[in-house]
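# Summary of the model geometry
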Amino acid sequence: MKRRISLALVAAMMLAMFAGCGNSQKPAETTNGATDGATVGATTEAAANTDVTIKVAAIETAYGSQCWKDVCDAFTDVTGIKVELTTNKNLEDEIGPAMQGGEFPDVIHLATGRPAGLTEQFIKDNNIAEITDVLSMTVPGEDKKVSEKIAGGFTETSLTNPYGDGKTYLAPMFYGPCGLFYNAGLFEEKGWTVPTTWDEMWELGEKAKAEGIYLFTYPTAGYFDTFLYALMYTVGGPEFFDKATRYEEGIWDTEEAKTCFEIIGKLASYTNPITPAQANNQDFTQNQQLVLDNKALFMPNGTWIVGEMAQAPRAEGFKWGMTALPTVKEGGDRYSYCWFEQAWIPAGAENVDAAKQFIAFLYSDTACEIFANATNDKGEPTPAIQPVLGIADMLQGDNKLFYSIYDNGAKSAMGNFAAFQAIPGVEVASVFFDPINSLVSGELTVEQWLENIKPVSDQMRANLK
């Protein structure tokens, strides 16, 4: 699962941690102001010729930790810079105590969107170092610049440029198209066609209901983020998405917003009713199992689902399938959200220059191949795919299917809700994603949800970074 941590523990940790971090008036800047290749090259050589050891902290997920060990070793072989690596499934707990004392890793691989919100907190407090100059660096051991390796669009979103100032603060990592996952074998058996419009989706919902199968489920409410983002693109295109995710005044009274929530409301009525009770960090795989057992047709998820459920039982003839969201009108654009993780440098890091070299190396052919061939602790393939040009050539099997979604007509949706100054008791997840549980259980209506969003959205807009 892409997000797990105790909110209660983190709340206590954050109060202590960020009181010590301090808060500046603008995004953190580093002493390395290099922006051209020559200067960066000089920095590279200097870093490589000094006895430097950097600390790298990486979240251990389905990809395992061995790939990180191998990449760190390869980086040392190329640059001479040593790496002290920390990996942990609960990375926030592992690195939190030291950060409370002012000791920061030089590089942290920890995505936004986790319940702990550690990365978001660093963003809000302007405690992440700018890494725009990394894009002009030459990848260690190669002759190409980082900007020539990273696929288009990944350094132009709010996930990497959170302040809207044209500068990059977070490096894009391990990406995967997200969409609606289903049992392709069941569709073949029943002779059903995967819907391309929402009207077709509702028709399929009735057919499935007649056979005792629900149309929809979701692992946890947190997984509704990629669904909502892609839906906003589908309904109103990038313009509506940009306005909604920056909380534009009156945006939730528009026809596009109403259409989004009408679709969500109708989908809730077709959702397996057991879903909310199992939509938590302990039981989320039981909701995923509903699809494997043909008790629900579709669920929003990402490419990691294959490895995560590799040992789970499944219906006879099960085959993974994945599709973009249906369109509102026939012939409209279909979108699949592109979710990716991030690596970043804390503003308080001790070895910023060497840390930038490490981040640049993450896009090398060597690192990409190591990540693409990652396995978990059971020896099962769990490829971690870097957002670099030509990466599909390294893929096989299900992943070749998943990563070809953008070659088959779907458009990529990227970005998320804009960062805002901390507001007590207000978080994006609690406003825009968590209420889906209450909607499915019947404790909340679509109209109530929208009305609840409006005043909080106004607060978020007033406190935009």
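Structural data are supplied above this passage.
Pairing within the open sheet is mixed, and its 4 strands lie in the order E6-E7-E5-E8. The open sheet has two edge strands with one neighbour each: strand E6 (214-216) and strand E8 (320-323). Going from strand to strand, the sheet's axes swing by 25° on average, the running direction of each strand aside. By the bridge criterion, 4 bridges tie strand E5 (residues 179-183) to E8 in an arrangement that is antiparallel. In the sheet register, Asn-183 faces E8, and the bridge partner there is Trp-320. Each of E5, strand E7 (296-301) and E8 touches helix H12 (residues 284-292); the most contacted strand, E7, lies at about 135° to it.

This paragraph deals with helix H9 (residues 224-245). An ideal rise of 1.5 Å per residue puts 32 Å on 22 residues; H9 reaches only 15 Å between its terminal C-alpha atoms. If you look at H9, its biggest bend is around 125°, right at Gly-236, and the proline Pro-238 turns up within four residues after that. With 17 of 22 residues buried, H9 lies mostly within the body of the structure. At the C-terminal side of H9, Tyr-247 shows a positive phi close to 60°.

Let's shift gears to a negative patch on the surface. On the surface, a cluster of negative charge is contributed by Asp-199, Glu-200, Glu-203 and Glu-330. As for its placement among the helices and strands, Asp-199 is situated in helix H8 (residues 198-210). Classification of Asp-199 as exposed rests on a relative accessible area of 52%.

Calculation notes
Residues numbered from 1 in each chain as written. Predicted model: local features only at pLDDT ≥ 70, side-chain atom pairs only at ≥ 80, totals over all residues. Heavy atoms only, no water. Pairing = 2+ DSSP bridges. Helix = DSSP H or I, 4+ residues; strand = E, 2+ residues; numbered from the N terminus. Axes fitted to C-alpha atoms, helices over the stretch in contact; angles between N-to-C directions. Contact = heavy atoms within 4.5 Å. Expected span 1.5 Å × (residues − 1). Bend = angle between axes of the 7 residues up to and from the residue. Buried < 20%, exposed > 50% of the residue type's maximum accessible area, 1.4 Å probe, protein only. Patch = residues over 30% accessible without salt bridge, like charges linked within 9 Å, V, L, I, M, F, W, Y side chains within 5 Å. Areas by Shrake-Rupley, 256 points an atom, 1.4 Å probe, with all protein chains shown as cover. Salt bridge = Lys/Arg side-chain N within 4 Å of Asp/Glu carboxyl O. Lys, Arg positive; Asp, Glu negative; His and termini not counted. Charge placed at Lys NZ, Arg CZ, Asp CG, Glu CD.

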